[in-house]
Every structure is written in structure tokens, then in C-alpha cells.
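Per-entry structural report
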Amino acid sequence: MPAFAAYRRALPLLRIPFSVYLMPVFWFGLSALREPFSGWRAAGVFVVLHLLAYPASNGYNSYYDRDEDSIGGLRNPPKVSLELLHLVWLFDVLAVLGAASLSWQFAGLVAVYLLVSKAYSFEGIRLKKYPLISTAVVVIFQGAYTFLMTQVGVGASPDQLREPSNLLLALVSSLFLAGSYPLTQVYQHQEDARRGDRTLSLRLGIRGTFVWAGLALMAGAALLAAVYVQRQELRHLVLFLVATGPVVGLFLSWARAAWRNPAAADFDHTMRMNQVSSVCLSLAFALMLLW
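Residues numbered from 1 in each chain as written. Predicted model: local features only at pLDDT ≥ 70, side-chain atom pairs only at ≥ 80, totals over all residues. Heavy atoms only, no water.

**A word on the pattern of salt bridges**
Following the criterion strictly, the structure yields 4 salt bridges and no others. The closest approach of N and O atoms between R162 and D159, which form a salt bridge, is 3.2 Å. Placement of both R162 and D159 in helix α8 (residues 158–162) is noted, with a separation of 3 residues, approximately one turn of the helix. The same class applies to R162 as to D159, namely exposed. E233 serves as the salt-bridge partner of R231, at 3.3 Å between the closest nitrogen and oxygen. The two residues R231 and E233 agree in class, both being buried. One network of salt bridges, in which partners are shared, links R34, R231 and E233. (Salt bridge = Lys/Arg side-chain N within 4 Å of Asp/Glu carboxyl O. Helix = DSSP H or I, 4+ residues; strand = E, 2+ residues; numbered from the N terminus. Buried < 20%, exposed > 50% of the residue type's maximum accessible area, 1.4 Å probe, protein only.)

**Points about helix α11 (residues 200–230)**
Taking 1.5 Å of rise per residue, 31 residues should cover 45 Å, yet α11 covers just 34 Å from first to last C-alpha, more than 12% shy of that figure. Regarding α11, the residues found buried are L200, S201, L202, T209, F210, A213, G214, A216, G220, L224, V227 and Y228. Following α11 by one or two positions, Q232 has its phi on the positive side, about 55 degrees. (Expected span 1.5 Å × (residues − 1).)

**Let's talk about the environment of Y7**
With respect to the helices and strands, Y7 occurs in helix α1 (residues 2–10). The exposure class assigned to Y7 is partly exposed, which follows from its relative accessible area of 30%. With sequence-adjacent residues up to four places away left out, Y7 is seen in contact with E83, H86 and L87. At 2.8 Å, the side chain of Y7 and the side chain of H86 are in polar contact. (Contact = heavy atoms within 4.5 Å. Polar contact = N/O pair within 3.5 Å; in protein donor to acceptor, adjacent residues only side chain to side chain.)

**Some thoughts on the side chain of T150**
On the secondary structure map, T150 appears in helix α7 (residues 131–153). Accessibility expressed as a relative area gives 0% for T150, which makes it buried. Every residue in contact with T150, bar those within four places of it in the chain, is listed here: F26, L30, V45 and L49.

**Some thoughts on the confidence of the model for the protein chain**
With 94% of its residues at a pLDDT of 70 or more, the protein chain shows a mean pLDDT of 89. Across the protein chain, the element-wise mean pLDDT spans from 73 in helix α10 (residues 189–195) up to 96 in helix α3 (residues 23–31). (pLDDT = per-residue confidence, 0-100.)

**Here we look at unusual backbone geometry**
You will see that R15, though not glycine, has its phi angle at about 50 degrees, which is positive. Locating R15 in the fold gives a position in the loop between α1 and α2 (16–19). Among the residues examined, R15 registers a relative accessible area of 8% and is labelled buried. Even without glycine at this site, Q232 takes up a positive phi of about 55 degrees.

**Side note on the packing of helix α6 (residues 104–121) against α7**
Where α6 meets α7, the closest approach of the two axes is 10 Å, and the angle between their N-to-C directions is 165 degrees. The angle between α6 and α7 places the two elements in the roughly antiparallel class. The interaxial crossing formed by α6 with α7 has left-handed handedness. The residues of α7 that touch α6, namely those facing Q105, F106, L109, V110, V112, Y113, V116 and Y120, are S134, V137, V138, F141, Q142, Y145, T146, M149, V152 and G153. For the contact of α6 with α7, the residue count by class is 13 nonpolar, 5 polar and no charged. (Axes fitted to C-alpha atoms, helices over the stretch in contact; angles between N-to-C directions. Parallel < 35°, antiparallel > 145°, perpendicular 65-115°, else oblique. Left-handed = near helix turned anticlockwise from the far one by under 90°. Nonpolar A, V, L, I, M, F, W, Y, C, P; charged D, E, K, R; others polar.)

**Structural notes on the side chain of T146**
Position of T146 relative to the elements: it lies in helix α7. Classification of T146 as buried rests on a relative accessible area of 1%. If sequence neighbours within four positions are ignored, T146 has contacts with V25, L49, Y54, Y113, I140 and F141.

This is how it looks when you write it as C-alpha cells:
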């Protein structure tokens, strides 16, 4: 029983609810497909990524960060323990086995994702210490890589994967990550500086983080609009514009508040931004699938 209690205390550090905030890339990848795919395979991909692979990455990051202040999804994170690392390895194995039940190609991509996420956090490598490298890793692997990995998981053909407009949409997902990722770091400057992690947001400062985010998000939205027009998917464009209205409004309001008072760049505002953007974008891309 004491061992069970230790694992139960470690479980929140996997931050499974927070992993759901990454849903937009999953739905975006599916909405971009022009070929039919199995709903059951899509559900399997969702479970592998959002309930297994992402939590494993979160837990591994927490194990080496040993955060004392708020982190994504946890206002008061518990102390890390060896049991957390056991859970990480269990979720790693389950993620790869679950992916292999869909396809070996998908399993290979999931395995690479898990290895890269560990290089991001592991103290012997710790890509997180380097602002440009860590940003590039997150932007690529949580953006375009996951976009295409989702499509491989549901069985998209090589021709569909390589189709130029599909690759441009994969790039859009990375541009969106380039804008949103520094925002997730904006309230952790003191914690990151204490550990010696020179994150991009820390280097940019609070105001610079919002400027960077705005430019990257605008670039992604502009490219997305151009691709939808080229693909004659104007209804998709309308859905996207309507769904992102609340996101844009919230971002501008938060940026204005943080510009006047840096204390507004805090945990609560960051989590609210994550929640609203995740729900709105996921809803938009899911509706595109039904249309």
C-alpha cells in the first residue's frame, strides 16, 4: 500500500489534463486529409499521443526540472520521486505498443518523439538550456512532426502526406507552435533562471515574448488562409476565422495588461490562454472534419 500511495502522488506530474491542450494539432492534421480514414484508428492515435506519449514527456520533464513553482496544468506541483520515473517508462512502453497496434511506421515516429522529448529534459543533454535549439525542437516535433505523425497513424497514403498543400499546413502548425510555445514560459522566468535554463521567453523578456508570439501567430494564420483559398476550402477559412476570434481578443487583452504590468504574465493568465485557444481551435478543426 505505501508503494501504491507513492505512485498515486507521482501521477499528477504526468499532467494528463494538460496534454489535452495539445489537441489542436491532432484535429488539424485530420482536417487536412482529403482521403477517408477510420474513426477507430483516429481514436487510437488520440489515446497514444494525448493519454500516453505526451504525459510520459511531461513526467520526464518534471523529473529533471524538479519545479517548486507552478507548471503547466499544476499550480502546486508535488515533489518528484523515483516512482514518477517508473510511470514515465510504463507510459513510454504503452505508447509504443499502442502505436504498433496501428502501424509500425506510427510506432517508429512515436518512439522518435519520445527520445527527442527526453533529450529536451535529460540533465546530460538538456536541450532546454539553449533557447534557439529548444524552441526549434518543440516547434518542429510538437508542430509539423506531430501533424504528419497523426496522419501516418490514421493510415494516410504517402501521396497524401507529400502533397504540397498538406506540407504547407504542417508548416502552419509549426508556426502556431512558434507563437504559443514562448507564451507557456512567460510566467516561469525566475524558475528557469534559477535552473540555468535560458529559455526563449527569458531571453526575449515579457514584452518581447508577446511581440514574438503575435508575429509568429499572424504568419501562421496568413499562410493557413492562403492554403485554404488555394484548396478552395473557403468554409474552412470562415470556421477558422470565427473560432479564433475569442483567441485573438484574449491574446490582445492579455498582451496589453502584461505590457502595462509585468505581473499579469502569470500562471492564471497563461492557463486561461491555453484553455481558450485549445478549445476554440480544436472545435474549429473538428467541425471541418464534419463539413
